[in-house]
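Residue-level structural notes
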Amino acid sequence: MFTGLIEEMGVLRSVQRRGEAMIMGVSASKVLEDVKLGDSIAVNGVCLTVVSFDRTSFEVDVMPETYRHTNLSSLKPGAPLNLERAMQAGGRFGGHLVQGHVDGVGTIRGRTAEANAVVFAIEPNEPAMLRHVVQQGSVTLDGISLTVVSTNRDEGIFTVSIIPHTLRETVLQHKHPGDSLNIECDILGKYVDHLLGWRDQAASTRKTGGLTESVLRDNGFM
């Protein structure tokens, strides 16, 4: 589990590709202070496992599922990366609950200065993700805990406002319209939506007098 508060920007040092699998080498400093084999580090918001490390870098495996559903596959050596270690039980919790389980990728459709802030307009590649993006709620972009400013279902976008510190200390400083971002929607909203779906399905089952063939199939029993 993570908080969405980026600890440092690392640099992609190397990429070894094997079909839809990768081994990424990442140059870093702060996140290596107490690193151990098997530790979790969020890389651009993706929870990855440290498989080797030295004083200046670490390596992580990227499996095909992660390759297909995040923007890690498009990265090239030299790319900046947002890094965060897994949260400690006794530490301050300054962001929101972040799993590092990316829901999908979005594309930046606008970047506009507004006083001391920069407003980013994001279009999720899967429009269904907007169901879990709530105005004034939380969303994670490339591992950064942010507050949703507005949503526009008709245009299929949402916006976030970035303060100078966040822009300066994260990869957002390098992001422009057309670039991609990993999106993780708020875990609380996803669980509530899932449970309500089960409730509605159960109510429908009761109305039809029991478990139907379609219900059994949808839940993996057929």
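This text follows the structure it describes.
Quick look at the structure, then.

Calculation notes
- Residues numbered from 1 in each chain as written.
- Predicted model: local features only at pLDDT ≥ 70, side-chain atom pairs only at ≥ 80, totals over all residues.
- Heavy atoms only, no water.
- Helix = DSSP H or I, 4+ residues; strand = E, 2+ residues; numbered from the N terminus.
- Buried < 20%, exposed > 50% of the residue type's maximum accessible area, 1.4 Å probe, protein only.
- Contact = heavy atoms within 4.5 Å.
- Areas by Shrake-Rupley, 256 points an atom, 1.4 Å probe, with all protein chains shown as cover.
- Core = buried A, V, L, I, M, F, W, Y, C linked by side-chain atoms within 4.5 Å.
- Pairing = 2+ DSSP bridges.
- Axes fitted to C-alpha atoms, helices over the stretch in contact; angles between N-to-C directions.
- Patch = residues over 30% accessible without salt bridge, like charges linked within 9 Å, V, L, I, M, F, W, Y side chains within 5 Å.
- Salt bridge = Lys/Arg side-chain N within 4 Å of Asp/Glu carboxyl O.
- Polar contact = N/O pair within 3.5 Å; in protein donor to acceptor, adjacent residues only side chain to side chain.

**Looking at the overall build of the protein**
- When helices and strands are tallied, the protein shows four helices and twelve strands.
- Taking all 222 residues of the protein together, the buried fraction comes to 41%.
- Within the protein, contacts between residues separated by at least 24 positions form 67% of all contacts whose residues are at least 6 apart in sequence.
- As displayed, the protein offers around 12000 Å² of accessible surface, 53% of which is attributable to carbon and sulfur atoms.

**Quick notes on the nonpolar core**
- Core analysis: the biggest nonpolar cluster contains 23 residues, and Met24, Val43, Phe58, Leu81 and Leu83 have the highest contact counts within it.
- For this core, the secondary structure elements donating two or more residues are strand 2 (21–27), strand 3 (40–43), strand 4 (46–53), strand 5 (57–62) and strand 6 (80–85).
- With sequence-adjacent residues up to four places away left out, valine 43 is seen in contact with Met24, Leu48, Phe58, Leu72, Leu81, Asn82 and Leu83.
- By size, the runner-up hydrophobic cluster in this structure holds 20 residues, among which are Ile122, Ile162, Leu181 and Ile183.

**Some remarks on the sheet that holds strand 11 (residues 157–162)**
- Taken in spatial order, the six strands close into a barrel running 7-8-11-10-9-12, and their pairing is antiparallel. Between one strand and the next, the sheet's axes are offset by a mean angle of 45°, whatever the strand orientation.
- The pairing of strand 10 (residues 144–152) with strand 11 spans four bridges and is antiparallel. For valine 148, the partnering residue across the bridge sits in strand 11 and is valine 160.

**Some thoughts on unusual backbone geometry**
- One non-glycine residue, alanine 115, lies in positive phi territory at about 55°.
- Inspection of the secondary structure assignment puts alanine 115 in the loop between strand 7 (104–114) and strand 8 (117–124).
- When its relative accessible area of 83% is taken as the criterion, alanine 115 is described as exposed.
- Unusually for a residue other than glycine, glutamine 136 sits at a positive phi of about 70°.
- Relative to the helices and strands, glutamine 136 resides in the loop between strand 8 and strand 9 (138–141).

**Looking at the sheet that holds strand 6**
- One closed barrel holds the six strands; their spatial order is 1-2-5-4-3-6, and the pairing between them is antiparallel. With strand direction ignored, the average angle separating the axes of adjacent strands in the sheet is 45°.

**Here's the deal with a nonpolar patch on the surface**
- Taken together, the side chains of Met1, Phe93, Leu97 and Leu188 define a hydrophobic patch exposed on the protein surface, amounting to about 370 Å² of accessible area.
- Along the chain, leucine 97 falls in the loop between strand 6 and strand 7.
- A residue is classified by how much of its surface remains accessible, and leucine 97, at 32% relative accessible area, is partly exposed.

**As for the pattern of salt bridges**
- The full count for this structure, using the stated rule, is nine salt bridges.
- Put simply, glutamate 7 and arginine 85 hold a salt bridge, and the shortest N to O gap is 2.6 Å. You can see glutamate 7 sitting in the segment before strand 1 (8–18) and its partner arginine 85 sitting in strand 6, a full 78 residues away along the chain.
- Under the relative-accessibility criterion, arginine 85 is labelled buried at 18%.
- Several salt bridges converge on common partners, so that one network encompasses Glu7, Asp34 and Arg85.

**Topic: the side chain of threonine 70**
- Along the chain, threonine 70 turns up in the loop between helix 1 (64–69) and strand 6.
- A distance of 2.8 Å separates a polar side-chain atom of threonine 70 from the backbone oxygen of threonine 66.

**Section: the pairing of strand 9**
- As defined by bridge partners, strand 9 adjoins strand 10 across four bridges and the pair is classed as antiparallel. Within strand 10, the position partnered with serine 138 by the bridge is threonine 147.
- Between the end of strand 9 and the start of strand 10, which pair antiparallel, lie two residues, with aspartate 142 showing a positive phi angle near 50°.
- Where strand 9 and strand 12 (residues 180–185) come together, three bridges link them in antiparallel fashion. Bridge assignment links valine 139 to a residue of strand 12, and that residue is cysteine 185.

The quantities given are spatial measurements derived from coordinates; they are silent on function.
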